[in-house]
Amino acid sequence: MKQIAITIIAVLILGCCGCSTQHLQENDSQYENESLLDNSHPTGDLESLSDNKKSVLSQDEEVVRIIEENFSDIAYIQFDDETQIITITPYDVSFTDEVILALNGDERAKKSWNALVDVMTDLSERILDVSPGYSIAIINPTNSDSTFLFISDGIIFYDVVSD
């Protein structure tokens, strides 16, 4: 049952992320075209910096929105705009139970976990295509100083089940 839920979340993230990053990429190319026009004006540099900041903010919001839509039923989502880390802290006990089962070698739970890691890695890579520097961390809800998973720019730095 939990494996199905994680699989559904994975499919939703991939589907939403594909559409949303497409939308973000379209916004980026629209911004690039607009900033070329702005550069021909004496005040263009200030305007383009302001537009660029708005574009980055909307990308941040879009990325967080995608994750919130798919994880809000099982986790708290936070974004630190200084560090560009999106934290996912599960509050659904069954999520943590699945991680513990995976750590104890349960093959079904390991498959579910690996599927989630693949989805989060893919999401991180898609974010990288649009805006580098984002990290995704799934936080251990029983110890907020430790993580279950940490991915940055498509690279897995820590996976509690594999390490």
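Residues numbered from 1 in each chain as written. Predicted model: local features only at pLDDT ≥ 70, side-chain atom pairs only at ≥ 80, totals over all residues. Heavy atoms only, no water.

K.L.:
Before we go on, may I ask you to explain unusual backbone geometry in this structure?
P.N.:
Glycine aside, negative phi is the norm for most residues, and most peptide bonds take the trans geometry. Phi at Gln84 is positive, roughly 60 degrees, even though this residue is not glycine. Structurally, Gln84 is set in the loop between β1 (75-80) and β2 (85-90). One non-glycine residue with positive phi stands out, namely Asp153, at about 50 degrees. Within the secondary structure layout, Asp153 lies in the loop between β4 (147-152) and β5 (155-159). With a relative accessible area of 24%, Asp153 lands in the partly exposed category. (Helix = DSSP H or I, 4+ residues; strand = E, 2+ residues; numbered from the N terminus. Buried < 20%, exposed > 50% of the residue type's maximum accessible area, 1.4 Å probe, protein only.)

K.L.:
Hey, could you run me through the pattern of salt bridges in this one?
P.N.:
Any two side chains of opposite charge can pair, given that their charged atoms come close. Tallied over the entire structure, the rule returns 4 salt bridges. Here Glu107 and Lys110 are joined by a salt bridge, their closest N and O atoms 3.5 Å apart. Within this pair, Glu107 and its partner Lys110 are both found in helix α4 (residues 107-130), separated by 3 residues, close to a single helical turn. A salt bridge links Asp122 to Arg126; its shortest N-O distance comes to 2.8 Å. (Salt bridge = Lys/Arg side-chain N within 4 Å of Asp/Glu carboxyl O.)

K.L.:
Please clarify how the environment of Ile156 should be interpreted in this entry.
P.N.:
Along the chain, the position of Ile156 falls in strand β5. Considering only alpha carbons, one finds Ile156 and Ile136, 20 residues apart in sequence, at a separation of 9.5 Å. Ile156 has contacts with Val117, Thr121, Leu149, Phe150 and Ile151, leaving out every residue within four places of it along the chain. (Contact = heavy atoms within 4.5 Å.)

K.L.:
Looking at this model, I keep getting lost on the nonpolar core. Mind explaining?
P.N.:
A general trend in soluble globular proteins is that nonpolar side chains are found buried together. Of all hydrophobic cores here, the largest spans 27 residues; its most connected members are Phe71, Ile88, Trp113 and Met120. Mapped by element, the contributors of at least two residues to this core are α2 (44-71), β1, β2, α3 (93-103), α4, β3 (135-139) and β4. If you tally residues by element for this core, the top one is α4, at 7 residues. Those residues in contact with Trp113 that lie beyond four places of it in its chain are Phe95, Val99, Ala102, Phe148, Leu149, Asp159, Val160 and Val161. (Core = buried A, V, L, I, M, F, W, Y, C linked by side-chain atoms within 4.5 Å.)

Read these as geometric descriptors, not functional statements.
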